[in-house]
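So you can see what is in the structure, the chains are spelled out below.
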Amino acid sequence: MTDATYQVRVSGVLPDELLDELRDLTVSVEPPETVLHGSLPDQSAVVGLISRIHGLGLRLIEVRRLPADEDV
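Residues numbered from 1 in each chain as written. Predicted model: local features only at pLDDT ≥ 70, side-chain atom pairs only at ≥ 80, totals over all residues. Heavy atoms only, no water.

Concerning the side chain of Thr 34
As for its placement among the helices and strands, Thr 34 is situated in strand β3 (residues 33–40). Polar side-chain contacts of Thr 34 include one of 2.5 Å to the backbone oxygen of Gly 12. (Helix = DSSP H or I, 4+ residues; strand = E, 2+ residues; numbered from the N terminus. Polar contact = N/O pair within 3.5 Å; in protein donor to acceptor, adjacent residues only side chain to side chain.)

Below you can see the structure in the form of structure tokens.
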């Protein structure tokens, strides 16, 4: 099974401690949101990321699995 590409939107700006953990993802700030974009190996990694965001008290806005041919 190959990695799937995801886009995750979070309200506000992510703390540095989480940004350090997300080196493999592209992070862009589009006020008032932060957008994460990149490949995750499986659903367990997606759930782990969502749990980490939730654990930091951040507001998750959207999680989208992008089509293989979509380029953001």
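So much for the structure itself; the text now carries on.
Considerations on the pairing of strand β1 (residues 4–11)
With respect to burial, β1 is a largely interior element, 6 of its 8 residues being buried. One ladder, built from 8 bridges, connects β1 with β3; its direction is antiparallel. When the bridges of β3 are listed, Gln 7 appears paired with His 37. Where β1 meets strand β4 (residues 60–65), 5 bridges bridge the pair, whose relative direction is antiparallel. Residue Tyr 6 lies in a different strand from β4, and its bridge partner there is Arg 65. (Buried < 20%, exposed > 50% of the residue type's maximum accessible area, 1.4 Å probe, protein only. Pairing = 2+ DSSP bridges.)

Focus on the sheet that holds β3
Either a parallel or an antiparallel arrangement is found when strands of a sheet pair, and the pairing is made through backbone hydrogen bonds. The sheet built from 4 strands is open, its strands ordered β2-β3-β1-β4 with antiparallel pairing. The open sheet terminates on both sides in strands that have one partner only, identified here as β2 (26–30) and β4. Pairwise comparison of adjacent strand axes, ignoring direction, gives a mean angle of 15° for this sheet. Summarising the sheet, β2 and β3 pair through 5 bridges and their orientation is antiparallel. Across the sheet, Val 29 pairs through a bridge with Thr 34, a residue of β3. (Axes fitted to C-alpha atoms, helices over the stretch in contact; angles between N-to-C directions.)

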